[in-house]
Amino acid sequence: MDFLKQVFERIEDNKTEMLASLSNLISVPSVAGSPKEGKPFGEEVDRAYRMMLEMAEAQGFDIFDADGYGGHFDFDGTGEGVLGIVGHLDVVPEGEGWDFEPYSGEVSHGYLLGRGTMDDKGPVVASFYAMKALKECGFEPEKTVRMILGLDEETNWAGMDYYLSKVGDRPDMGFTPDGDFPVIRAEMGILVFDMVRKLAPSKGKGLELGKIEGGSAANSVADFARAVVTDTTGAGYDIIKEMVANCRQEKGWRISCKGVGRGLEISVHGKSAHGAKPEMGENAISILMDFLGGLNFLNDDVSDFIGFYNSRIGYNLHGENAGCGLADEDSGQLVFNTGMIHVDRNEARLTINIRYPVSSSAEEVYEGLMKVLDDYGIGIVKGKDQLPINLSGDMPLVKTLMDVYRKHTGDMDSVPLVIGGGTYARAMDNIVAFGARFPGEPELGHQKNEKISVDNMMRLSKIYAEAIYELAKAEN
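Residues numbered from 1 in each chain as written. Predicted model: local features only at pLDDT ≥ 70, side-chain atom pairs only at ≥ 80, totals over all residues. Heavy atoms only, no water.

Asker: Mind laying out the nonpolar core, listing which residues take part and the relevant values?
Answerer: Core analysis: the biggest nonpolar cluster contains 68 residues, and Phe434 and Tyr464 have the highest contact counts within it. Looking at this core, the element that brings in the most residues is helix H11 (residues 454-471), giving 10 residues. Sequence-distant contacts of Tyr464, defined by excluding residues within four places in its chain, comprise Pro123, Ala126, Ser127, Ala130, Phe175, Pro177, Phe181, Phe434, Gly435 and Ala436. One finds Phe308, Tyr309, Leu326 and Leu350 within the second-largest nonpolar core, a separate group that totals 53 residues. (Core = buried A, V, L, I, M, F, W, Y, C linked by side-chain atoms within 4.5 Å. Buried < 20%, exposed > 50% of the residue type's maximum accessible area, 1.4 Å probe, protein only. Helix = DSSP H or I, 4+ residues; strand = E, 2+ residues; numbered from the N terminus. Contact = heavy atoms within 4.5 Å.)

Here it is in structure tokens:
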């Protein structure tokens, strides 16, 4: 019997165990939390990490733990070199509006349900069971096959930086199962930063803004936002309630209001999506700011800030009005996402997530922005800058993975991709994203009702098994 056929049959034999393992991992809400001793990303992220290490140790893989910041397990090779498979176990917050429990890990109607099934616990588990099946079938890789477990991919990558500072030999090449098929050869640069404006105290009587809150992560489209307003004259609430009702009816906004203390709370529901693809979502912050732009606030600073948002950001997803509408042939247009907002009586703060073209730089983005922001008295607090990567579609790694993908799917038309998403491919040299989303499938990562089909879990594991088999050869 052909060796790979034996491996694929072993993956099928392990199907029940694989789904149970993923279900257990999904049941852990591994959103980054408050650090604890030996658990730098909180209790739940550490719990998912230890669970994965225990699974690997039980299969006889060699374990390395970088003080709880991340780690790896090795399928030892007979020769030189390391083939890396780089995944992550942290997830973005679940958000609202799910049709099922986000952390149930339930299998229903051919799908395994829950946050992380696609991004990235499902693909990590599929890769692990590919390694397991290869080992059980007697495969002896020439390169050591190493699965690297990241724990803060969805936040600031400090864990990956720490892990890399502690590990000895790094992968010569490899893939991360945290993107799209067929192969992602290039990734746009990623910026996360805050726009901040100080607000002067209000004077006199009238409509005042108490606060605005919205969004849960920089790299997600905000699916909820709310504002609290107070009218010291007591005359404006009925007008606002009527405006809310009109917007529901005429614009189809999911907007509502209710009394809170002496004020009025205005709430908006949007649709979450990955920050790299904001066109797939509906930003609740932008809808709320649009609504607030129709109110007459007592504080001129508040009105100016709302006016800035609506004229320079609003529903624009490419930064043209904000001064950073960059583009190139490989990447297309820059991607602009408002992930979070916080406004109180003293300060207005927006958390912005930008994906800039592979031919551009953070300095070029900031220079364009400041030409606009200076006119509004708004400053920038710089955060993360992940540089773009741009690998050739002709390199052997990309060609091998394309061949494996085509063999398993019959898709001869798709070509290597350039994306706005950010993966651990940036963390090391000669790493590309390889799956796990197939062409034409909906983007469920970072959205409510995240799920993966059982059939795709099996297909992923087989694809990753063959990719490992081919790439672990000495000549690669």
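Text resumes after the structure shown.
Asker: An account of the pairing of strand S7 (residues 173-176) is needed here, citing residue identities and associated values.
Answerer: Across the two faces of S7 the burial is the same, with Met173 and Phe175 and Gly174 and Thr176 all buried. Two strands pair when backbone bridges link them, and strand S3 (residues 82-88) and S7 are joined in this way by 3 bridges, in the parallel orientation. Paired with Gly84 across the bridge in S7 is Gly174. Where S7 meets strand S22 (residues 431-433), 3 bridges bridge the pair, whose relative direction is parallel. Across the sheet, residue Gly174 finds its bridge partner in S22, namely Ile431. (Pairing = 2+ DSSP bridges.)

Asker: Got a sec to walk through the sheet that holds strand S19 (residues 379-386)? Specific residues and values, please.
Answerer: If you walk across this open sheet you meet the 8 strands as S13-S14-S12-S11-S17-S18-S10-S19, and the pairing is antiparallel. The sheet is open, and its two borders are formed by strand S13 (254-260) and S19, each paired with just one other strand. On average, each strand axis in the sheet is tilted by 25 degrees relative to the strand beside it, whichever way the strands run. By the bridge criterion, 7 bridges tie S13 to strand S14 (residues 263-269) in an arrangement that is antiparallel. If you follow Gly259 over to S14, its bridge partner there is Leu264. Here helix H6 (residues 237-251) sits on the sheet and contacts strand S11 (207-214), strand S12 (224-231), S13 and S14; the angle it forms with S13, its principal contact strand, is near 160 degrees. (Axes fitted to C-alpha atoms, helices over the stretch in contact; angles between N-to-C directions.)

Asker: Give me the lowdown on empty space enclosed by the protein, citing residues and values where you can.
Answerer: For the coordinates displayed, the defined rule picks out 1 cavity of 30 Å³ or more. Its volume calculated, the largest cavity comes out at about 80 Å³. Forming the boundary of the largest cavity are 14 residues, of which Pro93, Ser216, Ser220, Asp223 and Ser272 lie nearest the centre. A breakdown of the residues in the lining of the largest cavity according to their chemical character gives 5 nonpolar, 6 polar and 3 charged. (1 Å grid on protein atoms, 1.4 Å probe; cavity = no way out; pocket = protein on both sides within 12 Å on 5 of 7 lines; lining within 4 Å. Points joined across faces, edges and corners; volume = space filled by probe spheres on them. Nonpolar A, V, L, I, M, F, W, Y, C, P; charged D, E, K, R; others polar.)

Asker: Requested: an account of helix H10 (residues 396-409), with residues and values cited.
Answerer: Here H10 spans 20 Å end to end across 14 residues, near enough to the 20 Å set by a 1.5 Å rise per residue. Within H10, burial applies to Leu397, Val398, Thr400, Leu401, Met402, Val404 and Tyr405. The inward-facing, buried residues of H10 abut S7, S22 and H11. Within two residues after H10, Gly410 carries a phi angle of roughly 75 degrees, on the positive side. (Expected span 1.5 Å × (residues − 1).)

Asker: Got a sec to walk through the side chain of Asp152? Specific residues and values, please.
Answerer: Mapped onto the fold, Asp152 is located in the loop between strand S6 (144-150) and helix H5 (158-166). No salt bridge is formed by the buried Asp152. Its closest oppositely charged neighbour is Lys384, at 8.7 Å. From its side chain, Asp152 meets the backbone nitrogen of Gly159 in a polar contact 2.8 Å long. Every residue in contact with Asp152, bar those within four places of it in the chain, is listed here: Phe41, Asp90, Trp157, Ala158, Gly159, Met160 and Tyr424. (Lys, Arg positive; Asp, Glu negative; His and termini not counted. Salt bridge = Lys/Arg side-chain N within 4 Å of Asp/Glu carboxyl O. Polar contact = N/O pair within 3.5 Å; in protein donor to acceptor, adjacent residues only side chain to side chain.)

Asker: Help me get a handle on the environment of Leu391, residues and values and all.
Answerer: With respect to the helices and strands, Leu391 occurs in the loop between strand S20 (389-390) and H10. As a C-alpha pair, Leu391 and Ile184 span 207 residues in sequence and 9.0 Å in three-dimensional space.

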